[in-house]
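# Survey of secondary and tertiary structure
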Amino acid sequence: MSQNTQAAAATKSKFSVRDICYAGLFAAVIAVMAQISIPMPLGVPMTMQTFAITLAAVVLGSKLSAIATLVYLALGAVPVLANFSGGFDKFVGPTGGFLISFPLMAYIIGLGMEHRDAFKGAFVTAVIVGTVVNYVVGVAMFVVVAHSTIAVGITACVLPFIPTAIIKAVLACAIGLNLRKRIPGLKA
């Protein structure tokens with residue numbers, strides 16, 4: 001074996017083919033769940049994206065779920081976002097902050113998932129912090145783009161969504177923990 005071949009073999013990818021497939025699968029799940037969307041009066045739709053991102057984070061962990069979310073966002077140039085929309089304008093519009101924060105949300109929740117046994121309460125804390133980060137970035141962008149106040153941003157982007165956010169997070173965690181046990185190659 002030549003020295004170059006040995007060096008190439010020694011520098012294996014950090015992600016296996018299985019990992020890449022799981023990330024792609026969950027990017028597709030996020031894209032499909034994004035199509036479940038209910039228009040709201042102040043322009044911020046209620047979607048199942050956060051459910052899918054939390055589910056991906058619970059099942060895949062921090063890095064793979066963040067990658068799955070980045071793949072989903074990269075596909076945003078084609079109509080895979082909520083309501084089969086897409087394009088760069090979605091990232092700089094009033095709801096762009098929510099999209100932009102999805103990889104960070106996934107990473108935080110996935111990190112909590114990975115450390116749930118080492119630190120009591122890490123998982124629940126990570127789900128809450130990941131969701132709050134999503135809201136903070138989303139509201140900040142809404143306020144800037146819509147030229148509104150923080151109070152209007154919170155009223156439009158947070159308050160109507162709190163009950164469903166809790167339900168979606170609990171369901172995604174319960175389903176994700178169950179799925180994680182059944183998917184080959186993932187630690188239970």
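All chains use their own residue numbering, which begins from 1 and follows the written sequence. Residues qualify for local features only when their pLDDT is at least 70, as the model is predicted, and side-chain atom pairs are given and counted only at 80 or more; totals for whole chains, interfaces and linings, by contrast, use all residues. Calculation of side-chain values draws on the structure's entire complement of heavy atoms; hydrogens and water are dropped beforehand.

## Let's talk about the nonpolar core
Counting residues in hydrophobic clusters, the biggest one holds 35 residues, and the most contacted among them are Phe 26, Val 59, Leu 60 and Tyr 72. With nine residues, helix 3 (residues 49–60) is the single largest residue contributor to this core. In this structure, Met 46, Phe 142, Cys 157 and Val 158 belong to the second largest nonpolar core, which totals twelve residues. For the purposes of this section, nonpolar cores are sets of buried Ala, Val, Leu, Ile, Met, Phe, Trp, Tyr and Cys residues that join through side-chain atoms within 4.5 Å. Three labels apply to residues, based on accessible area from a 1.4 Å probe with only protein chains included: buried if under 20% of the type maximum, exposed if over 50%, partly exposed otherwise in between. Each helix corresponds to a stretch of at least 4 residues labelled H or I by DSSP, and each strand to a stretch of at least 2 residues labelled E; elements are numbered beginning at the N terminus.

## Side note on the packing of helix 7 (residues 122–146) against helix 8 (residues 150–157)
A fitted line through C-alpha atoms represents every axis, and for helices the fit uses only the stretch in contact; the resulting angles, taken between N-to-C directions, go from 0 to 180 degrees. The contact between helix 7 and helix 8 brings their axes to 9 Å, and the two run at 125 degrees. By the criterion of interaxial angle, the relationship of helix 7 to helix 8 is oblique. Along this stretch, helix 7 crosses helix 8, giving a crossing that reads as right-handed. Contacts between helix 7 and helix 8 involve Tyr 135, Val 139, Phe 142 and Val 143 on the former and, on the latter, Ile 150, Val 152, Gly 153, Ile 154, Ala 156 and Cys 157. Lys, Arg, Asp and Glu make up the charged group, whereas Ala, Val, Leu, Ile, Met, Phe, Trp, Tyr, Cys and Pro make up the nonpolar group; the residues left over, Gly among them, are polar. Grouping the constituent residues of the contact of helix 7 with helix 8 by class yields nine nonpolar, one polar and no charged. Any angle from 65 to 115 degrees is called roughly perpendicular, while one under 35 is roughly parallel, one over 145 is roughly antiparallel, and all others are oblique. Helix crossings get a hand from a simple test, with the near helix turned counterclockwise from the far one by less than a right angle marking a left-handed crossing and a clockwise turn marking a right-handed one. Contacts were defined at the residue level, with two residues in contact if any of their heavy atoms lie within 4.5 Å.

## Quick notes on the environment of Gly 138
Examined against the element boundaries, Gly 138 turns out to sit in helix 7. With 37 residues separating them in the primary sequence, Gly 138 and Ser 101 have C-alpha atoms 7.4 Å apart. Setting aside anything within four residues of it in sequence, one finds Gly 138 in contact with Pro 94, Gly 97 and Phe 98.

## Things to note about unusual backbone geometry
The phi torsion at His 147 lies on the positive side, around 50 degrees, for a residue other than glycine. Take His 147: it is sitting in the loop between helix 7 and helix 8. Relative accessible area serves as the criterion here: at 73%, His 147 is assigned to the exposed category.

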